[in-house]
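Coordinates in review
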Amino acid sequence: MGGAGQRLGALLNVHSYFSLGAGTASPTTLVKRAAELGYRYLALTDDLNVSGAVELFQAAKAHGVRALIGATVPVRVDGEAYPFVLIAASRAGYATLCRLITLAHGRDERDVPLPALLAHAHDLVLLTGPREGAVARLLAQRRVSELEALLRQLQGAFPERLYLQLFHDRYRWDGRRARVIRRLAQSLGLPVVAAPEVRYAEPADYRLYDALTCARLGVSVQQPHARRPQNACQALPSPEEVQERLPYPEAALNAAWVAESAYFELLPERLVPPKARVPADTTPERYLEERCYTALIQRYEGEAVARARARLEEELATVRALGLAEFFLVAAEVTDYCRRHGILAAGRGSAAASIVCYLLGVTMADPLKHDLLFERFLHTGKTSMPDVDIDISSARRGEVLAWVEERFGADTEAMVCNKITYRLPLAVQDLGRALGLPPELRNRLTKALGRDFRGLRPGSAAKAEVAFREVLGEAPVADAFLGLLGAMERKHVRHLAPHSGGVVLARDPLTHYSPLERSSGGIKLLQLDKDDAEAMGLIKLDLLGLRMLSALERAREEVMRLDGVWLDLADLPDDERVWDLISEGATLGLFQVESPSQQHTSRVMRARDLRALSHQIALIRPGPIQSGTVHPYLRRRQGLEEVTYWHPSLEPILNKTYGVLLFQEDVLRIAVHFAGMSWTQADRFRKKVSGWTELDDIEPDREAFVAGAQRHVGATREQAERVFEAVKGFQGYGFAESHAWAFALHAYASGWLRVHYPAEYLAAILTEAPGMWSPSTKRQEARAWGVPVLPFDVNASGVHYRVERARVEGGEPVKAVRPPLCAVQGVSEQTAREVLLERLRHGPYRSVDDAYQRLPLGRDVFEALVRAGAFDRLGGRREALYRVGALANTHASGQRTLFSGVPEAPELPPLSLQERYVWDFQTTRFSTLEVHAIDFVRDQLRELDCVPLLRLRRAARKTRVRTAGLVVGKQRPPTAKGFAFFVLEDGPVRAQLIIPPDLWDAHRVLLRDASILVTDAAVEDTGYQLTLKALSLSELPAPVQVRGYHFA
Amino acid sequence: MRLLMIEARVVLADEGRAPVAVGWGAPDGPLTPVSAHPPRPGRPPRAAGAPRPPSPTRKVVSVLDSWRYDGRWWEAVELHRDYYLLELDGGTQLELFNEGGAWWAARASD
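Residues numbered from 1 in each chain as written. Chains lettered and ligands numbered in written order. Predicted model: local features only at pLDDT ≥ 70, side-chain atom pairs only at ≥ 80, totals over all residues. Heavy atoms only, no water.

**Some details on the confidence of the model for chain B**
Residues and elements named next belong to chain B. In this model, chain B carries a mean pLDDT of 78, and residues with pLDDT of at least 70 account for 69%. Counting contacts from residues 28-36, a segment whose pLDDT is below 50, to residues more than four positions away or on other chains yields 18 contacts. Here the predicted complex scores 0.80 on pTM and 0.83 on ipTM. (pLDDT = per-residue confidence, 0-100. Contact = heavy atoms within 4.5 Å.)

**Description of the packing of aromatic side chains**
All names here are of chain A. For the coordinates displayed, the defined rule picks out 26 aromatic pairs over all chains. For the ring pair Tyr761 and Trp785, a centre distance of 6.3 Å and an interplane angle of 20° mean the geometry is stacked. In this pair, Tyr761 sits in helix H33 (residues 758-768) while Trp785 sits in helix H34 (residues 775-785), placing the two residues 24 residues apart along the sequence. Residue Trp785 is classed as buried on the basis of its relative accessible area, which comes to 9%. Relative to Trp1000, the ring of Phe982 has its centre 6.2 Å away and its plane inclined at 75°; by these criteria the two rings are edge-to-face. Taken together, the residues Phe982 in strand E19 (residues 980-986) and Trp1000 in helix H42 (residues 997-1002) connect sequence positions 18 residues apart. Comparing Phe982 with Trp1000, the two get one shared label, buried. Grouping aromatic residues by their ring pairs yields a cluster made of Phe674, Phe685, Phe705 and Phe724. (Phe/Tyr/Trp six-rings, centres within 6.5 Å; stacked < 30°, edge-to-face > 60°. Helix = DSSP H or I, 4+ residues; strand = E, 2+ residues; numbered from the N terminus. Buried < 20%, exposed > 50% of the residue type's maximum accessible area, 1.4 Å probe, protein only.)

**Considerations on the sheet that holds strand E2 (residues 19-24) of chain B**
Residue and element names in this part refer to chain B. Spatial strand order, E1-E2-E3-E4-E5-E6: six strands in a closed barrel with antiparallel pairing. Mean inter-strand twist for the sheet, computed between neighbouring axes without regard to direction, equals 45°. The pairing of strand E3 (residues 58-71) with strand E4 (residues 79-88) spans 10 bridges and is classified as antiparallel. Bridge pairing links Asp70 to His80 in E4. (Pairing = 2+ DSSP bridges. Axes fitted to C-alpha atoms, helices over the stretch in contact; angles between N-to-C directions.)

**Notes on a positive patch on the surface**
Taken together, the side chains of Arg142(A), Arg176(A), Arg179(A) and Arg183(A) present a region of like positive charge at the surface. Mapped onto the elements, Arg183(A) comes out in helix H7 (residues 174-188). (Patch = residues over 30% accessible without salt bridge, like charges linked within 9 Å, V, L, I, M, F, W, Y side chains within 5 Å. Areas by Shrake-Rupley, 256 points an atom, 1.4 Å probe, with all protein chains shown as cover. Salt bridge = Lys/Arg side-chain N within 4 Å of Asp/Glu carboxyl O. Lys, Arg positive; Asp, Glu negative; His and termini not counted. Charge placed at Lys NZ, Arg CZ, Asp CG, Glu CD.)

**Examining the packing of H33(A) against H34(A)**
Residue and element names in this part refer to chain A. Where H33 meets H34, the closest approach of the two axes is 11 Å, and the angle between their N-to-C directions is 175°. The angle between H33 and H34 places the two elements in the roughly antiparallel class. Judged by residue contacts, Pro758, Tyr761, Leu762, Ile765 and Leu766 of H33 engage Pro775, Lys778, Ala782 and Trp785 from H34. Residue composition of the contact of H33 with H34, grouped by class: eight nonpolar, no polar and one charged. (Parallel < 35°, antiparallel > 145°, perpendicular 65-115°, else oblique. Nonpolar A, V, L, I, M, F, W, Y, C, P; charged D, E, K, R; others polar.)

**Details of helix H18 (residues 465-472) of chain A**
All names here are of chain A. For H18, the complete set of buried residues consists of Ala467, Phe468, Arg469, Val471 and Leu472. Considering only its buried residues, H18 is in contact with helix H16 (424-434), helix H17 (439-453) and helix H19 (476-486). One or two steps after H18, the chain reaches Gly473, where phi turns positive at roughly 60°.

**Re the pattern of salt bridges**
All names here are of chain A. Evaluated as defined, the whole model comprises 89 salt bridges over all chains. In this structure, Arg1008 engages Glu470 in a salt bridge whose closest nitrogen and oxygen atoms are separated by 3.5 Å. Of this pair, Arg1008 sits in helix H43 (residues 1004-1009) while Glu470 sits in helix H18; the two residues are 538 residues apart in sequence, bridging distant segments of the chain. Taking the relative accessible area as the measure of exposure, Glu470 reaches 38% and is therefore partly exposed. A salt bridge links Arg702 to Glu699; its shortest N-O distance comes to 2.5 Å. Assessed through its relative accessible area of 13%, Arg702 is described here as buried. A network of salt bridges, in which partner residues are shared, links Glu699, Arg702, Glu703, Arg717, Glu721, Glu725 and Lys728.

**Describing the pairing of strand E2 (residues 41-47) of chain A**
Residue and element names in this part refer to chain A. Among the seven residues of E2, six are classified as buried, and the element is accordingly described as predominantly covered. With three bridges connecting them, strand E1 (residues 10-14) and E2 associate as parallel partners. When the sheet's bridge partners are listed, Val14 is paired in E2 with Leu44. Running through helix H1 (residues 27-36), the crossover from E1 to the neighbouring parallel element E2 is right-handed. Sheet topology places E2 next to strand E3 (residues 66-77); seven bridges connect them, and they run parallel. (Right-handed = clockwise from strand over helix to strand, strands pointing away.)

And the structure:
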């Protein structure tokens, strides 16, 4: 028996931060602390949550503690909810616990009715709960007979597994309460168990626990509340402390007994694939082979057949060995469904290296043609889940998910969750509220964090002290605030949210693995993230919504509508004009290559094929930037530098990337073919190289790597060290070549549409909003594309951006883009649809009065439409606004009246161009006018001797100039050594402005708040990708502020 | 129980934990509450009138309860108090607390 004597050996009621807002420590921290104090068992019993289970079991294994999993579940008894502690006593008990938690999450009250608890008692140990529990509360209310009746009921359902919980948090009367509970237990013949309720690891954490409790309860720290902690005694106690507070030997012995009898290993050894649809007369393996061989004959011909067959046989053998045939068939079912329903979908990621995936139609890229490495995806030694990521047109992803739920059954399909961890802005809001800071102050503080600090974890808040002092000064609350934030663990979880696409399809009901709950948006999700799901033996398919696929799909439909041509986007012709466009760097709006740095790289790379494009996509990433790969690659590609290899044996691996390390596949190949590792070892090594955390340090592998290279290819120690250093410099970079190829195909398709159907493509990217640029910048870019943007019009605008053939300024009809009514803020898609339907049924609106009578919309909607210019063709905006106000004062909209009684509007001055521009921005965040914000301050800029950006395109390099532009983009990537990159816009011309660290420090507030920047700068690059280096900075007030992209 | 908030003299058991004897305020006459709020750390409570002679030390018959209070962590000075509810010889119940090494008699029954 583990709990010999009176010393407590097991903690049975421990909360981590997965008791969202009611715990401060990670499961790992708690386990470490428990191990330090000599505990043998620790039961994690978070509030209606088992999200910490996988981390708990993994940490427990690492620290020599045995993990138990349970949860604190509120149970409704006679109208009141009391928390009970349930501990799973077996794998089946865990499944029962998951069902109970699922039940609670499905109820508004977030609790479990008593009868449900009694019916779900299988293999669960029940503790009666701490201070808020039924025993303590009913005793305090002297409802002893009710309590006895309840305990007898529970005893019937949990024979030998019901324990009266003793706790002592050094609150007033805790000692006497424990004595009374013990006496009650003796009188009823029930056992007691010592189970202090632990809410944090160390006593000092009680401040954070108190603040989080205040945030959860909606009170400030100044306000007393019965459920706030009164002291720091709910830290993980030493066994001696517990012994002193609860000196009852049988209670400590029972804790050990519960722990020993409830211990089981939660994490399985194998993955369990979902059930695929397979014809009755065959097996999944045979069916998979059949499908692949049939497709192979269709897709390959000539000499390629033999190569493809050999590769297929090799892959199928691996799939068979891992028992994953059904997994592939399920992935194929999803893409089959998409194809049948005209939904653009394509597999990406490492799956693109699999010929099985290619032949099943899951991926679009031929892995043989592009020489993609299957072992990156799957090998027989692989113990982790293979990644099959399927990008789906985001506009139609909901359809696919609904079909998946229908096909696989509601109880075997759910999304994995994302554990949303705190960053400074969120922590400032939550904890600031608890500290009693009013919303305005919190918002000012959040704003003051700016791009410098908002990405920080709360634990690094001290680095942002300058922002805290800027807003809070030297008030004591600033110190308390920084102290609280500093006490938060790095990965403190705030809440769970659905993953962007990870769908788990299981063989058994998912409650066997995890509770299910609904997100605020109604999405069913597991309490497991993707890594947890894998550790629990589940296989996930990533069904990701990709806006660019929606944009391509939408553009294709517009082309069909206007020109009657149906484009096969997977098989577009190779077109010099597309490569010319990309080589020029005119890539705004194109997939993956539209950022300023990608535009710049486009000009240097001058890609003329998909391979080069895939390299370009992979090149501008943190890994290559950080490891210094970018410049050698570009110089070698341009022939400015000789291509060399660290060792001759690396030439076959790195020759296509000019001798530099670019892809994860290269790391794998080097590990196998240079360092002599097995594929399993190499994959483990590659995973570490791809990771970011301190756990992923590859330094311990150095010796084995070097020795392996010396042995395997006869490399010298220096050569092997050099290769190892190169691989190490690659750390943290996770781009697979197969993934880059899949993206390159989409990038090319976007460029092709941009060249051949610019209006249709513009309408599509304005509707679906892929990428980083605001509608305002895209609208300005449309001027460079030669695509007119038509004004809003209640008689022409619809629900999406559409292409019309229009005569602009009396010329020949050209394709132009008409913005939709729902681009007006405050006008929903549904409202836009109503306006459209009424127009189709009863003809165009003849006046504001006519629309007001026909459309039952709110006054604010009419006003927004008028202010956006939707009634401009029917009269002046001011007059229309006057009439809407006057009509709204006489009768409700949507009612026909013979005589409205509203007099004509008085004579009102027309809107000036600037007023119209500002109104446009206020209502739609962009203007359909052919002007730009800078045009309104052009005279001031002239007085300041500023040169317009357009003229700088032809300036000589290194020229010093003064110029200005509207700030439409801000970046300060962590890899840039303190440099910031702003994008200035002047009409359809943009310039990248490089801001050195000293200027950034001197102008932090100006750079945070300025709309128009005036800068003295040196010209670094000219042409389409104009680049300037700032030498000094000042600002100018702008008529509008643009919401550009921000990236810190 | 009547409010006291008076500095107390406490004799601790050999192990230095629980009080075994305690004395506070005046031995005779009514006890005058000084403040409805506990004294802040480092600041002695204001006594009403002239200083009184100390009461004789009384023996602790039993420790009825003990508890801990931590709070006001968001202010410049935090509170940390260890409370005891004592039964004294003669039947008086006294609520006593220790803060920063100093002892205070908080409340007493008549």
